[in-house]
Amino acid sequence: MAYRRTPAVHDRLRAARERLIDRATDVVAETGWGNASVTAVAAAAGMSAGSVYQHFPSKAALAVEVFRRAAAREVEVLGEVLREGAGDPVERLADGVTVFARRAMERRGLAHALLVAPAESAVDVERLAFRRRYRQLFAEVVREGVAAGLLPRQDPEVTAAALSGAVGEILVDPLAEPADGDADRLVAELTACALRCAGAAPLTSAPRDRRFP
């Protein structure tokens, strides 16, 4: 009779896989993709290198899963603010950029890894896919702002591409450096830049400092 895994075994394997992904994410955040070897990740997870291959066929497969999980969370948070947040489209755009930038500055190593750090070619493919998701979110809120008469007529897709590119480019160098206590100024400047890019009038109040785990 063929062996069948019991529910307890499935649960144990699932828990081990989740722990492995969590620890791999920590290693990537601390050392970058290049130094996140199977051996280093296995040690961080408290398992043997051979055990890693029970869950992922290669280092690249593990890296892709780490990227997907972390990037999907950032897309989810940005979507919550831009689509479901309080305020009009311009206020939500400001809130979204502020939240994204603050989260990046709080986990600099991980954010740098997600945005630009050299990685497996398979991770680069995922980056392109997620950039499209970011652009889609920005395009939606810009389109809504134009329809409401709060933003000038424009091509939302072009503006969204400019926004997503500018946000990433502005954050690259600060994320690669140690925290210097000037994050608030950078986030404020980045948010103001995003609003100018979309043609919005300056806000009369500061964007809400919303926090998401």
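Here, residues in each chain are numbered from 1, in the same order as that chain's written sequence. pLDDT decides what is reported in this predicted model: residues at 70 or higher carry local features, side-chain atom pairs at 80 or more are listed and counted, and totals for whole chains, interfaces and linings draw on all residues regardless. Only hydrogens and water are removed before side-chain values are computed, so all heavy atoms of the structure are retained for them.

> Report on the packing of aromatic side chains, specifying residues and quantitative values.
Note on aromatic contacts: the rings of Phe and Tyr and the six-membered ring of Trp form a pair at centre separations within 6.5 Å, being stacked when their planes are under 30 degrees apart, edge-to-face when over 60 apart, and tilted otherwise. Throughout the structure, instances matching the rule amount to two aromatic pairs. Both rings, one in Phe100 and one in Tyr134, keep their centres 5.6 Å apart while their planes meet at 80 degrees; by these two values the pair is edge-to-face. With Phe100 in helix α5 (residues 89-106) and Tyr134 in helix α7 (residues 121-147), this pair connects stretches of sequence that are 34 residues apart. Three exposure classes are used, based on accessible area relative to the maximum for each residue type with a 1.4 Å probe and protein chains only: buried under 20%, partly exposed in between, and exposed over 50%. With a relative accessible area of 13%, Tyr134 lands in the buried category. Numbering of helices and strands runs from the N terminus; a helix is a DSSP stretch of H or I covering at least four residues, while a strand is a stretch of E covering at least two.

> Give a description of helix α2 (residues 38-45) that names residues and reports values.
Within α2, burial applies to Val38, Val41, Ala42 and Ala45. With its buried residues spanning 100 degrees around the axis, α2 presents them on a single face. Along α2, the residues that are exposed and aim more than 90 degrees away from the buried face are Thr39 and Ala43. The positive-phi residue at the C-terminal boundary of α2 is Gly46, with phi of around 75 degrees. Directions drawn from the helix axis to the C-beta atoms are what define this arc.

> Can you explain α7? Please cite residues and give values.
The periodicity of an α-helix, 3.6 residues per turn, causes residues three or four places apart in sequence to face the same way. Multiplying 1.5 Å by the helix residue count minus one yields the expected span of that helix. Its 27 residues give α7 an end-to-end C-alpha distance of 40 Å, which sits within 8% of 39 Å, the value for a rise of 1.5 Å per residue. Note on definitions: a residue-residue contact is assigned when non-hydrogen atoms from the two residues lie within 4.5 Å. For α7, the secondary structure elements touched by its buried residues are α4 (59-84), α5, α6 (108-115) and α8 (156-175). With its phi angle positive at about 80 degrees, Gly149 sits one or two positions after the end of α7.

> Please set out the pattern of salt bridges residue by residue, giving values where relevant.
For side chains bearing opposite charge, pairing can occur when the charged atoms are close. A pairing counts as a salt bridge when a side-chain nitrogen of Lys or Arg comes within 4 Å of a carboxyl oxygen of Asp or Glu. Evaluated as defined, the whole model comprises 14 salt bridges. Arg69 is paired through a salt bridge with Glu65; the nearest N and O atoms lie 2.8 Å apart. Pair noted here: Arg69 and Glu65 are both in helix α4, with a separation of four residues, about one helical turn. The residue Arg103 makes a salt bridge to Glu74 at a minimum N-O spacing of 2.8 Å. Within this pair, whereas Arg103 is found in helix α5, its partner Glu74 is found in helix α4, the two being separated by 29 residues in sequence. Accessibility classification places Arg103 together with Glu74 in one group, the buried group.

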